[in-house]
Amino acid sequence: MKLLDKFSIKTNNMHIYDTAFSHSSYCNENNIKEDYQRLEFLGDKVLDLIMSDYLYNTTNYEEGEMTKIRSMYVCENALYEYAMLLNFPEYVKVGKGEEANGGKHRKATLADMFESFLGAVYLDQGYKKAKEIVYDIVIPFIEDKPETFFMDYKSNLQEMVQTTKKSVSYELVNEEGPAHDRTFTMNVVVGGIVLGTGKAKSKKEAEQIAAKHALEKQAK
């Protein structure tokens, strides 16, 4: 796998990387038990830790500012950019139906698989190698060419309601579609009142849309 060669990864466990790039639609068609999602869960936390460590040790920002910057560079849009930079569509395995619908290039899938790849690297090579990859791919976006991948509506909403000391929470309202192509509907609840609703292919993106709607409502 050229991706492993790029990062000088020598492994005796190719299975874990195959799993990291195996979509549920591919697993269902080929009677394979495990897809990428457990590794994505792990990789998400690994990426958060590496980014938190970087921001803590290289800046003097307060907690809120570090949280805002971290969220900008681990959001779905950002993860998709990293995945495309590494040519992930070349490695993604999806079912025939999913492939016909452009599944190899689906933003939510590629974003998730950047995290599942990091999870695989962490298990196979350890934290140091996972950190090396993040510093090679992610950190340059912060240091060399700062980018705003998206407006962090969730953070903006949190800041807005802090002065009123109201709580902000997100609730899953609906989940529909086949396992390999889910659509999520999320509500944002502020002080016990639903202020916005978002619908998207990932919970994170649906939460951002819900927060955006809540901010727009407050601005009227």
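Residues numbered from 1 in each chain as written. Predicted model: local features only at pLDDT ≥ 70, side-chain atom pairs only at ≥ 80, totals over all residues. Heavy atoms only, no water.

Enquirer: How should I be thinking about the sheet that holds strand 1 (residues 168-176) in this particular structure?
Expert: Each strand in a sheet pairs with another by means of backbone hydrogen bonds, the pair being arranged parallel or else antiparallel. With antiparallel pairing, the 3 strands of this open sheet are ordered in space as 1-2-3. Two strands in the sheet have a free side with no partner beyond their single neighbour: strand 1 and strand 3 (193-200). Within this sheet the neighbouring strands show an average axis-to-axis angle of 20 degrees, counted without direction. The sheet contact formed by strand 2 (residues 183-190) and strand 3 spans 7 bridges and is antiparallel. Residue pairing in the sheet places Val 188 in a bridge with Gly 196 of strand 3. (Pairing = 2+ DSSP bridges. Helix = DSSP H or I, 4+ residues; strand = E, 2+ residues; numbered from the N terminus. Axes fitted to C-alpha atoms, helices over the stretch in contact; angles between N-to-C directions.)

Enquirer: In this structure, what is going on with the confidence of the model for the protein? I would like to understand it.
Expert: Detailed reading of the predicted coordinates is not advisable wherever pLDDT falls low. On average, residues of the protein score 90 in pLDDT, and 96% of them are at 70 or above. For the protein, per-element mean pLDDT is lowest for helix 11 (residues 153-162), which scores 82, and highest for helix 9 (residues 127-137), which scores 97. (pLDDT = per-residue confidence, 0-100.)

Enquirer: I tried to follow the packing of helix 4 (residues 37-58) against helix 5 (residues 63-73) on my own but got confused; where do I start?
Expert: The geometry of a pair of packed helices is captured by two quantities: the angle between their axes and the separation between those axes. As a packed pair, helix 4 and helix 5 sit with axes 10 Å apart at the nearest point and diverge in direction by 135 degrees. If you check the angle between helix 4 and helix 5, you find them oblique. Helix 4 and helix 5 meet at a crossing whose hand is right-handed. Residue-level contacts link Asp 48, Met 51, Ser 52, Leu 55 and Tyr 56 of helix 4 to Met 66, Ile 69, Arg 70 and Tyr 73 of helix 5. Looking at side-chain class alone, the contact of helix 4 with helix 5 contains 6 nonpolar, 1 polar and 2 charged residues. (Parallel < 35°, antiparallel > 145°, perpendicular 65-115°, else oblique. Left-handed = near helix turned anticlockwise from the far one by under 90°. Contact = heavy atoms within 4.5 Å. Nonpolar A, V, L, I, M, F, W, Y, C, P; charged D, E, K, R; others polar.)

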